[in-house]
Amino acid sequence: MGHRALVAYRRPDRRYDLRYSHWGGEDVTLADRISAETPLGDGDVDGDLLAAAIDRDRLLIEYLDPCCYEALYVVEPGGDYRVTAYRVCWLEWPDGRDGGRGAIVAVENDAADRRVRTWFRATKTTLADVVEMGVLSWRAARTYLEARICEDEDGAVYTYGASDTDTVDYASSPNEWFDEDGRDGRERNEGRNPDEDR
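Cut-offs and rules
- Residues numbered from 1 in each chain as written.
- Predicted model: local features only at pLDDT ≥ 70, side-chain atom pairs only at ≥ 80, totals over all residues.
- Heavy atoms only, no water.
- Helix = DSSP H or I, 4+ residues; strand = E, 2+ residues; numbered from the N terminus.
- Areas by Shrake-Rupley, 256 points an atom, 1.4 Å probe, with all protein chains shown as cover.
- Contact = heavy atoms within 4.5 Å.
- Salt bridge = Lys/Arg side-chain N within 4 Å of Asp/Glu carboxyl O.
- Buried < 20%, exposed > 50% of the residue type's maximum accessible area, 1.4 Å probe, protein only.
- Core = buried A, V, L, I, M, F, W, Y, C linked by side-chain atoms within 4.5 Å.
- Pairing = 2+ DSSP bridges.
- Axes fitted to C-alpha atoms, helices over the stretch in contact; angles between N-to-C directions.
- Parallel < 35°, antiparallel > 145°, perpendicular 65-115°, else oblique.
- Left-handed = near helix turned anticlockwise from the far one by under 90°.
- Nonpolar A, V, L, I, M, F, W, Y, C, P; charged D, E, K, R; others polar.
- Phe/Tyr/Trp six-rings, centres within 6.5 Å; stacked < 30°, edge-to-face > 60°.
- Lys NZ or Arg CZ within 6 Å of the ring centre and 35° of its normal.

(A) Focus on the overall build of the protein chain. The helix and strand tally for the protein chain stands at 5 helices and 8 strands. Along the protein chain, helices (α) and strands (β) appear in the sequence β-β-α-β-α-β-β-β-α-α-β-β-α when read from the amino end. On the protein chain, roughly 10300 Å² of surface is accessible, and the fraction owed to carbon and sulfur atoms is 46%.

(B) Layout of the environment of A53. Here A53 is to be found in strand 3 (residues 51-54). Residues A53 and Y9, spaced 44 residues apart in sequence, show a C-alpha to C-alpha distance of 9.6 Å. If sequence neighbours within four positions are ignored, A53 has contacts with R11, R15, Y16 and D17.

(C) How the structure looks around the pattern of salt bridges. A full pass over the atoms with the stated rule returns 15 salt bridges. The residue D110 makes a salt bridge to R114 at a minimum N-O spacing of 2.6 Å. Placement of both D110 and R114 in helix 3 (residues 110-132) is noted, with a separation of 4 residues, approximately one turn of the helix. You can call D110 partly exposed: its relative accessible area is 22%. What makes R114 partly exposed here is its relative accessible area of 43%. Here D113 ties to R117 by a salt bridge, and the two come within 3.2 Å at their closest N and O atoms. Taken together, the positions of D113 and R117, both in helix 3 and 4 residues apart, correspond to about one turn of that helix. Linked through salt bridges whose partners overlap, the residues forming this network are E92, R101, R142 and E146.

(D) Spotlight on the nonpolar core. Counting residues in hydrophobic clusters, the biggest one holds 30 residues, and the most contacted among them are V7, Y9, I34, Y73, V75, L91 and I149. Among the secondary structure elements, those contributing two or more residues to this core are strand 1 (5-10), helix 1 (30-33), strand 4 (71-76), strand 5 (82-90), strand 6 (101-107), helix 3 and helix 4 (138-153). Of all the elements, helix 3 adds the most residues to this core, at 5 residues. If you look at the next biggest cluster of nonpolar residues, it comprises 19 residues, including Y20, I54, L64 and Y69.

(E) A look at the environment of A141. Positionally, A141 belongs in helix 4. Aside from chain neighbours lying at most four places away, what touches A141 is W93, L127, V131 and L136.

(F) Looking closely at the pairing of strand 1. Taking burial as the measure, the 6 residues of strand 1 include 5 buried ones, the bulk of the element. Sheet analysis places strand 1 next to strand 2 (residues 16-21), joined by 6 bridges and oriented antiparallel. Among the inter-strand pairings, R10 is bridged to a residue of strand 2, identified as Y16. Hairpin connection between strand 1 and strand 2: a loop of 5 residues separates the two successive antiparallel strands, and R14 in this loop has a positive phi of roughly 70°. Where strand 1 lies against strand 4, 5 bridges are found, and the strand directions are parallel. Each bridged residue has a counterpart across the sheet, and for V7 the counterpart in strand 4 is Y73.

(G) Summary view of the packing of helix 3 against helix 4. Two elements in contact, helix 3 and helix 4, have axes separated by 10 Å at closest approach and are oriented at 155°. What the angle tells us is that helix 3 and helix 4 run roughly antiparallel. Every pair of crossing elements has a handedness; the one defined by helix 3 and helix 4 is right-handed. Taken together, the residues of helix 4 that come into contact with helix 3 (itself represented by R115, V116, W119, F120, T123, K124, L127, A128, V131 and E132) are W138, A141, Y144, L145, R148, I149, D152 and E153. Its residues assigned to classes, the contact of helix 3 with helix 4 shows 11 nonpolar, 1 polar and 6 charged.

(H) Spotlight on the packing of aromatic side chains. Throughout the structure, instances matching the rule amount to 1 aromatic pair. In this arrangement the basic side chain of R19 is found over the ring face of Y9, its NZ or CZ atom lying 5.4 Å from the centre.

Nothing here speaks to function; it is geometry throughout.
Below you can see the structure in the form of structure tokens.
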């Protein structure tokens, strides 16, 4: 079956070339294996392109299916050849109507990734139990889960398969997941008061 990951390589025009990793979503150690010397992680990333020259906003809603992918890696070639890993969280339950609702959460290392995965599974399981007890509707449970992802984990929520009119359908925290240069915007805004952006 595999643990699928999408790997996005930033181009000089600030768009992304997308590749596939069959086992890259099992944990986020693939980020450590991608470098200037091994841009495909010693064969862990498929050499064939899935898509070329994709805008960052289209990456989520057109390519990152939260039902299929477990991780997203954003590679920034250049002097430091930086790789940022994101855990993909599927925000629906198997009987949900909107199977394309997902979120990404940046994780710095494998320990942070395990913490996010454990937190997410526990929260989602608890919410399913609360719904089964008749306390919340599925819609209310998903809304609560989305709020927790954004507020507790600084995640970005999106809808895979959104129409062309929904160019940016994710509701990120005040700090965007990428800034205009394609870098993780949270670094740029670290220590800032989110209320200042309002």
